[in-house]
Number of protein chains: 2
Amino acid sequence: MHSISKENYLKTVYHSAGGSGEQVATSKLADKLEVSNAATSEMARKLSDAGLVNYARYKGVGLTESGEKIALQVLRRHRLWELFLIEILGMSWGEVHDEAERLEHCTSDTLINKIEEHLEFPKFDPHGSPIPDREGNLPAMPTLIPINQSVAGDTYIISKVVDQSSELINHITSLGIHLNSKIMIVDKLDFDESVRIKIGNEVHSLSKKVSEHIFVSELNNQDKI
Amino acid sequence: MHSISKENYLKTVYHSAGGSGEQVATSKLADKLEVSNAATSEMARKLSDAGLVNYARYKGVGLTESGEKIALQVLRRHRLWELFLIEILGMSWGEVHDEAERLEHCTSDTLINKIEEHLEFPKFDPHGSPIPDREGNLPAMPTLIPINQSVAGDTYIISKVVDQSSELINHITSLGIHLNSKIMIVDKLDFDESVRIKIGNEVHSLSKKVSEHIFVSELNNQDKI
DNA sequence: AGACCAAGTTAAGCATCCTTAAAAATAAAG
DNA sequence: CTTTATTTTTAAGGATGCTTAACTTGGTCT
């Protein structure tokens, strides 16, 4: 296994490169990792020697295939842990990030696979980010639309909630809305642009403001949590 | 938080000192931690400077009060993780030790308390070892005897297995012996000091060596796991 | 007691990952 | 196109935690 530092560098390169294999400036990594520029330059050379990044002096770093593989494994561990801590242990959104940040570096394949199994092979983490599978493949992202742009009569899956203010979260949680809840759009009222939705057998009304912060995906587009 | 190395040294001192605050030879620690004697001497000095152990050259180390506190916290994390991995995630005895060995060093109080809560405040880990509570207090232990000191004809509960080598664990697991299994002592053979036990309807023979590592408690003496 | 052996300690050095400060390369401006 | 400013890299050094090799110390044997 690679050192915690190396894993964090690779993860940060992955995030900074925005998916594609762009080159990332060492200074950008230094900012994100909160270390000196000198430290990132040195690490860039080491990771390059190890074949995990492409690095040419003054040109930034980009992940190689094997580097990306490791970054995706770290990401997988992070996102599965976050989901697990929230779903199974009842921790709050605010608490889980730092915890997962540490656990992601000391979790064997065996353990993370058990966690994945226990969560019934989720595809997305509590923030709606995709969880790489055992081979490092990312699931297809559903097309997300804010709930106020949904079509009355159609059925959707709650896929993402932006703005993590506890007020909003508590409000929608109290209505029985959770990530991956199945909902049906009853109707949309013109006069206040609110949306009425059906969850299970209950119908609730969502204000315009609330409905803008909840994103849904079409049912067929989504296999399972 | 203290470094992983420091936590491991303190834990090892605790285990080696056998509960009471005896002095432990640095060479004994070196053996258990699989590092050189030089490394333990140096660490002894550092831990002593930090007030975590009593250390006089050539006289070994012993935990101070604050050192023992840390050791017990590490122990608490280790044992709760082991139990959690087995009970909640369905991992095997053989798998959990190494896993817990890593997790114990990157688990916040918040998380370990959640785990404790989820397990409904267990008192003993999967090996029958006591789990320190949040204040570092150990629960009262049931009276344990090694199986080779049991009385033929009597019935007991498997309460503890020492030596966590996967070989031993796998062996006894394959015989159907688990923590809290009820067993009956069939007889004890003088010529090789082996013990024959009955589990369910099967009778198995345990060598002297194996029988020394399995501890049982009398049937009425046992509250819960 | 004196000599000897084993246990324990110090010394020197290495790997990792970080720092600050100086030097070099690139980019920008006149 | 040269000078300046900015970014990036190298150099030197520190902390941690380990190694091997040499040296003390303590205990034992005669």
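Reading guide: rules and limits
- Residues numbered from 1 in each chain as written.
- Chains lettered and ligands numbered in written order.
- Predicted model: local features only at pLDDT ≥ 70, side-chain atom pairs only at ≥ 80, totals over all residues.
- Heavy atoms only, no water.
- Disulfide = S-S within 2.5 Å.
- Helix = DSSP H or I, 4+ residues; strand = E, 2+ residues; numbered from the N terminus.
- Buried < 20%, exposed > 50% of the residue type's maximum accessible area, 1.4 Å probe, protein only.
- Pairing = 2+ DSSP bridges.
- Near = heavy atom within 4 Å.
- Polar contact = N/O pair within 3.5 Å; in protein donor to acceptor, adjacent residues only side chain to side chain.
- Nonpolar A, V, L, I, M, F, W, Y, C, P; charged D, E, K, R; others polar.

Novice: Would you mind showing me how to read the state of the cysteines here?
Specialist: Linking two cysteines covalently via their sulfur atoms produces the bond known as a disulfide. Applying the stated criterion across every chain yields a total of 1 disulfide over all chains. Between the sulfur atoms of A:Cys106 and its disulfide partner B:Cys106 the distance amounts to 2.4 Å. Every disulfide takes its handedness from the sign of the S-S torsion; for A:Cys106 and B:Cys106 that torsion is 75 degrees, giving right-handed. Of the two residues, A:Cys106 is situated in the loop between α5 (93-103) and α6 (109-118) and B:Cys106 in the loop between α5 (93-103) and α6 (109-118); the pairing between them involves two chains. Accessibility assignment for this pair places A:Cys106 and B:Cys106 in one class, buried.

Novice: Whenever I open this one, the sheet that holds strand β4 (residues 155-161) of chain B confuses me. Can you help?
Specialist: Hydrogen bonds between backbone groups are what pair the strands of a sheet, and the pairing can be parallel or antiparallel. Residue and element names in this part refer to chain B. Spatial strand order, β3-β8-β4-β5-β6-β7: 6 strands in an open sheet with antiparallel pairing. Strand pairing shows two members of the sheet lacking a second neighbour, β3 (145-146) and β7 (202-206), which therefore form its edges. Sheet topology places β4 next to strand β5 (residues 182-188); 3 bridges connect them, and they run antiparallel. Bridge pairing in β5 links Tyr156 to Ile183.

Novice: Explain the protein's contact with DNA strand D to me, please; I cannot follow it from the model alone.
Specialist: Surrounding DNA strand D, one finds 21 residues, the nearest of these being A:Ser27, A:Ser41, A:Tyr55, B:Ser3 and B:Ser36. Close to the protein, within 4 Å, the atoms of DNA strand D are drawn from sugar and phosphate at a rate of 70%. Residue A:Ser41 places a side-chain N or O atom 2.4 Å away from a phosphate oxygen belonging to DNA strand D. Contacts to DNA strand D include B:Tyr58, whose side-chain N or O atom sits 3.2 Å from a sugar or linking oxygen. If you list the elements that add at least two residues to the surface near DNA strand D, you get α2 (26-33) and α3 (37-49) of chain A together with α1 (4-16) and α3 (37-49) of chain B. At 5 residues, α3(B) tops the list of elements feeding residues into the surface near DNA strand D. Considering only residue class, the surface near DNA strand D consists of 10 nonpolar, 7 polar and 4 charged.

Novice: Explain unusual backbone geometry here, please?
Specialist: Backbone geometry follows two general trends: most residues other than glycine have a negative phi, and most peptide bonds adopt the trans configuration. Residues and elements named next belong to chain B. At Glu34, a position not held by glycine, the phi torsion is positive, near 55 degrees. Relative to the elements of secondary structure, Glu34 occurs in the loop between α2 (26-33) and α3. For Glu34, a relative accessible area of 73% puts it in the exposed group. For Glu120, which is not glycine, the phi dihedral falls at a positive 65 degrees.

Novice: Please explain the protein's contact with DNA strand C as it appears in this structure.
Specialist: The immediate surroundings of DNA strand C are formed by 21 residues, with A:Ser3, A:Ser36, B:Ser27, B:Ser41 and B:Tyr55 found nearest. Protein-proximal atoms of DNA strand C, defined as those within 4 Å of the protein, fall in sugar or phosphate at a share of 75%. Between DNA strand C and the protein, one listed contact pairs a phosphate oxygen with a side-chain N or O atom of A:Ser3 at 2.5 Å. B:Thr26 places a side-chain nitrogen or oxygen 2.9 Å from a phosphate oxygen of DNA strand C. Broken down by element, the surface near DNA strand C gets its largest block of residues, 5 residues, from α3(A). Residue classes in the surface near DNA strand C are distributed as 10 nonpolar, 7 polar and 4 charged.

In short, shape yes, function no, at least from these values alone.
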